[in-house]
Amino acid sequence: MAVLALMRCGDKDTGQQLIPDGASPMFDSAEYVAVSARLRNAFVLHDTAYCDSVLPLFDDETLVLVHPERVVDGFVSNLIGHEAPQPATKMRFDELVALSGAAVMRNWQLYLEARTLQNAGERQQAITVFEPLLARFEEHQDTVGIASVSKRIGNLYLELGDPALAAVHLSRARALEPRVDLRATITATLGRCYALLGNRDSVRWCAAWLCEDAANELNSQRKDLRARVNARWLLHLAMLSESSEDSLRAAIRQAASVDSLIRDVDKDDGFLVAGDPAARVETLVLRAKAFQTLGRLREVLEAIGPVEKELSICPECLPQRLAFLSVKAGALEGLGDLRTALHVQQERAEVLALNEVGRERLAVEQARAKALSSQQKAEASRQLELERAGARSKDIEHRMQRVQLTTMIGFIILFAGVLFVRVRIRRRMQLEELRARLSRDLHDDIGSTLSSINILSTVARRKAETGDEAGAAASLSGISERTQRLMRNMSDIVWSVDPDQDSMEDLLARMREFGASVLEPKGVTFRFDSGTVLGKTLPPVVKSDLYLIFKEAVNNAAKHSSATEVAASLTQTSNSLVLTVKDNGRGLATSGSSANDGGGNGLRNMRARAEEMKARLSIGSTPEKGTSIEVNVPL
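Note that the structure is a prediction, hence the values are computed from the model and not measured. (Residues numbered from 1 in each chain as written. Predicted model: local features only at pLDDT ≥ 70, side-chain atom pairs only at ≥ 80, totals over all residues. Heavy atoms only, no water.)

Visitor: Describe the nonpolar core, with residues and values.
Guide: One finds Met105 and Phe130 to be the most contacted residues of the largest nonpolar core, which totals 107 residues. Here this core gets nine residues from one element, more than from any other, and that element is helix H16 (residues 277-293). (Core = buried A, V, L, I, M, F, W, Y, C linked by side-chain atoms within 4.5 Å. Buried < 20%, exposed > 50% of the residue type's maximum accessible area, 1.4 Å probe, protein only. Helix = DSSP H or I, 4+ residues; strand = E, 2+ residues; numbered from the N terminus.)

Structure, rendered in C-alpha cells:
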C-alpha cells in the first residue's frame with residue numbers, strides 16, 4: 001500500500017553546524033531523493049532486504065529533529081514492507097516520535113496503530129482511529145496521508161457491507177494516489193463498489209481508467225498485468241448488470257475466458273482485486289442472477305457451485321454468503337424444490353443472526369453518533385462562552401447602532417426634504433417656462449393672425465360697399481384660410497399642454513396626421529417610419545418643440561421645395577431620439593451658402609427650438625436633389 005510521498009524534496013538544506021560528523025546521508029537532499037525513490041518500490045513489493053538495509057540511515061536523532069518527515073519515510077516504509085509485525089522497529093519509531101514531537105510523526109504513528117487493528121480484524125476500532133486521523137492529515141495538508149487513510153476507510157466500509165460509503169472514500173484516495181500501480185488497485189476496488197450498487201456506467205468508467213493505468217510505463221516495465229485483468233473483469237461485471245438479455249448471454253459466454261485470465265495472473269505480481277475471495281463470490285452471484293433473469297434456473301445452481309469453496313477461505317465474508325444463500329433459495333424455489341429452499345432460508349437466517357459484520361457496522365455508527373454528540377456539546381459550550389463574553393460588547397454595539405440609525409434617519413429625512421423641494425422648484429420652473437411659451441405663441445401666432453383677419457374683414461366690407469364682389473370674395477377667402485390655420489394652431493397648443501397626450505404614440509399619430517393632411521392634397525407622396533420607438537412619456541417642452549420642428553420642415557417641403565416625395569422618420573437609440581425629414585425637391589433657395597449658415601424665419605425657429613431641447617439640428621441641402629433635416633434629441 002502507498003503510504004508516503006517520500007516527500008518534500010524541496011526542503012531547505014540544514015546548516016552544516018547542526019549536522020554532526022558521521023551523520024546520516026539522509027541530511028543530503030540528493031541522497032535522500034535517490035533512497036526514497038527506491039523505497040517506493042521496496043515497500044510495495046515487500047523487498048524487506050532493501051528496507052532493512054537503509055533503515056539505519058534514518059535512525060538518527062539529529063535527523064528526526066531537523067527532518068522528521070524523512071525519518072517517517074524510512075521507518076513507515078520498513079514497517080509496511082514487512083508483512084509480519086516488527087516490534088523492535090516499531091518501538092524505536094515510537095521513541096523517535098516522542099523525541100521529535102512533530103505532528104507528521106504523531107500522525108503516522110497513529111496510522112500504523114490503526115493499520116495493525118485493521119489487519120487483526122478489529123474493523124470497528126480501526127475506523128474509530130482512522131476517521132479522526134483523516135481530519136488531522138487534512139489539517140496538515142498531507143495528501144499522501146489523506147490518500148492512505150481514505151483507502152483504508154473505504155476498504156473497511158466495503159468489508160462492512162456499505163459499498164456506497166466505501167466508494168466516497170475510495171474515490172478520494174484514487175484522486176490523490178500518485179503511484180500508478182497502487183492507484184490501479186484502488187480503482188479496481190472502487191469499480192467493485194459500483195458493481196455492488198448496480199451502477200454499471202461508473203463500473204465502465206473505472207475499467208477505462210484501469211486501461212489507461214495498464215499502459216503506464218511503470219506497469220509496462222514490471223510486466224504488471226493486474227490493471228489490464230481487473231479492467232476486463234469490471235467490464236464483465238458491467239455486462240452482467242445489464243437488463244438486456246443479449247448482453248447477459250454475451251457476459252455468460254465470456255465468463256470462462258475472464259476466469260482464465262484471473263487464474264493466469266502470477267500471484268507474485270501482488271494483490272489482484274478480481275481474485276479476492278469476496279470479489280469472486282460477488283462475481284459468481286452476479287452470474288447466477290443473470291441465469292435467473294434468463295429463466296435458466298438449473299444453471300443458476302451450477303453457477304454458484306464454486307461459491308462454497310471461495311467462502312471456505314473467507315469466513316468473514318458474511319454479506320457475500322447472505323447474497324449467495326438468497327440467490328440459491330430463489331433458484332430452488334423456482335425449480336419446485338421447496339424443502340431444500342426452506343433449508344437454505346433457515347441457513348440464511350442463522351447466518352443473519354450471527355452477522356458480526358452488521359453488528360460491527362452498527363457499533364461504528366453508534367460510536368460516530370456518540371463522538372458527534374460530544375463534539376456538538378463541546379461546540380455548544382464554546383458558543384455559550386463566546387456569547388457571554390460578547391454580550392457586553394454587543395450591547396455597546398447595539399447602542400451605537402441605534403445612534404447611527406437615528407442619525408441616518410435624520411439624514412434621510414433631510415435629504416428627502418431637499419429632494420422634494422428641488423422637485424417642486426423644477427416643476428414650478430417647467431410650469432413657468434410653459435406659461436411663457438404659451439404666452440409667446442398666443443401673442444406671436446394667434447395675435448398676428450387675428451389682426452390680419454380684422455384687416456381683411458374691413459377690406460371685404462369696403463369692397464362689398466363699393467360693389468367689388470370679386471375683391472370682397474378674395475378677402476373672405478383669406479379670412480377663411482387664416483381662420484383654419486388659427487384653429488389648427490389652437491389645436492396644437494391645446495395638444496401640447498394636455499398631460500393625457502404626452503406619450504410617444506400620441507406624438508407619432510399627430511405627426512402622421514399632419515404630414516398626410518398637408519402633403520397628400522398637393523400630390524406629394526408621404527412616408528412616415530416610426531422604427532423602434534418605445535412607448536414612453538415625453539416632457540411637454542420636448543414634445544411641443546419636436547412637433548413644431550416637424551411641422552416647419554413639412555411646411556417648407558410642401559410650399560417651397562417642389563418635391564414629389566417626402567420621407568420622415570422618428571427612431572430611438574439607447575440615449576436619444578432622432579427625427580429626420582427628407583424631400584427630393586430643388587433644395588434650399590439660398591445659393592452660394594451653406595444650409596446651416598442662413599435661411600429664413602422657419603430655419604431660425606427650428607434652430608431656436610432645438611437649442612431649447614439641447615438637441616443637435618443638422619440641415620443638409622443639394623440643389624435639385626432635395627433637403628434633409630435631422631434633429632437628435634438626448635434622452
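Visitor: How would you sum up the layout of surface pockets? Please name residues and give values.
Guide: Estimates place the volume of the largest pocket at around 1,700 Å³. At the level of secondary structure, the elements contributing two or more residues to the lining of the largest pocket comprise helix H1 (29-44), helix H4 (68-81), helix H6 (103-119), helix H8 (143-159), helix H10 (180-197), H16 and helix H19 (318-334). (1 Å grid on protein atoms, 1.4 Å probe; cavity = no way out; pocket = protein on both sides within 12 Å on 5 of 7 lines; lining within 4 Å. Points joined across faces, edges and corners; volume = space filled by probe spheres on them.)

Visitor: Talk me through the packing of aromatic side chains; I want residue IDs and the actual numbers.
Guide: Applying the stated criterion across every chain yields a total of eight aromatic pairs. An aromatic cluster is built from Phe514, Phe526, Phe528, Tyr547 and Phe550, whose rings are joined through pairwise contacts. Residue placement shows Arg174 over the ring face of Trp209; its charged tip is 4.2 Å from the ring centre. (Phe/Tyr/Trp six-rings, centres within 6.5 Å; stacked < 30°, edge-to-face > 60°. Lys NZ or Arg CZ within 6 Å of the ring centre and 35° of its normal.)

Visitor: Let's hear about the pairing of strand E3 (residues 576-583): which residues, and what values?
Guide: Where burial is concerned, most of E3 is hidden: seven out of the eight residues are buried. Note: strand E2 (residues 565-572) against E3, seven bridges, orientation antiparallel. For Ala567, the partnering residue across the bridge sits in E3 and is Lys582. Taken together, the seven bridges between E3 and strand E5 (residues 626-634) define a ladder with antiparallel strand orientation. (Pairing = 2+ DSSP bridges.)

Visitor: Talk me through the environment of Gln320; I want residue IDs and the actual numbers.
Guide: On the secondary structure map, Gln320 appears in helix H19. Since its relative accessible area comes to 9%, Gln320 is described here as buried. Discounting chain neighbours no more than four positions away, the residues touching Gln320 are Arg192, Ala278, Val281 and Glu282. (Contact = heavy atoms within 4.5 Å.)

Visitor: Now, about the pattern of salt bridges: what can you tell me, with residues and values included?
Guide: Under the counting rule described, the total for this entry stands at 23 salt bridges. The partner of Arg200 in a salt bridge is Glu242, with the nearest N and O atoms 3.3 Å apart. One end of the pair, Arg200, is in helix H11 (residues 200-214); the other, Glu242, is in the loop between helix H13 (226-240) and helix H14 (245-253), and 42 residues separate them in sequence. For Glu242, a relative accessible area of 19% puts it in the buried group. The salt bridge involving Asp224 is made with Arg226; its shortest N-O contact spans 2.8 Å. (Salt bridge = Lys/Arg side-chain N within 4 Å of Asp/Glu carboxyl O.)

Visitor: I'd like a description of the state of the cysteines, backed by residues and values.
Guide: Tallying each qualifying case throughout the model produces one disulfide. Shown here is the disulfide that connects Cys314 with Cys317, its sulfur atoms set 1.7 Å apart. Because the torsion about its S-S bond is 60°, the bridge between Cys314 and Cys317 counts as right-handed. For the pair formed by Cys314 and Cys317, the shared burial category is buried. (Disulfide = S-S within 2.5 Å.)

Visitor: Describe the side chain of Asp213, naming the residues involved and giving the relevant values.
Guide: Inspection of the secondary structure puts Asp213 in helix H11. Those residues within four positions of Asp213 in sequence are excluded, and the remaining contacts are Val180, Arg183, Ala184, Thr187, Asn219 and Ala227.

Visitor: Describe empty space enclosed by the protein, with residues and values.
Guide: The full count for this structure, using the stated rule, is two cavities of 30 Å³ or more. The set of elements that each furnish at least two residues to the lining of the largest cavity consists of H10 and H13. Of the residues in the lining of the largest cavity, the class split is three nonpolar, three polar and three charged. Considering only enclosed or pocket space, the second largest cavity measures out at about 30 Å³ in volume. Taken together, Arg192, Ala195, Leu196, Trp233, Leu237, Ala279, Glu282, Thr283 and Leu286 form the lining of the second largest cavity. Looking at the lining of the second largest cavity, the elements with two or more residues in it are H10, H13 and H16. The leading source of residues in the lining of the second largest cavity is H16, at four residues. (Nonpolar A, V, L, I, M, F, W, Y, C, P; charged D, E, K, R; others polar.)

Visitor: Go over the sheet that holds strand E4 (residues 616-622), please, and point to the residues and values.
Guide: Strand order in the open sheet formed by five strands is E1-E2-E3-E5-E4, and the pairing between neighbours is mixed. One side of each edge strand has no neighbouring strand; the edge strands of this open sheet are strand E1 (525-529) and E4. Taking each pair of neighbouring strands and ignoring which way they run, the sheet shows an average axis angle of 10°. Relative to E5, E4 runs antiparallel, the two being bridged by seven bridges. Residue pairing in the sheet places Thr622 in a bridge with Gly626 of E5. Sitting on the sheet, helix H25 (residues 601-612) touches E4 and E5, and the angle it makes with E4 is about 150°. (Axes fitted to C-alpha atoms, helices over the stretch in contact; angles between N-to-C directions.)

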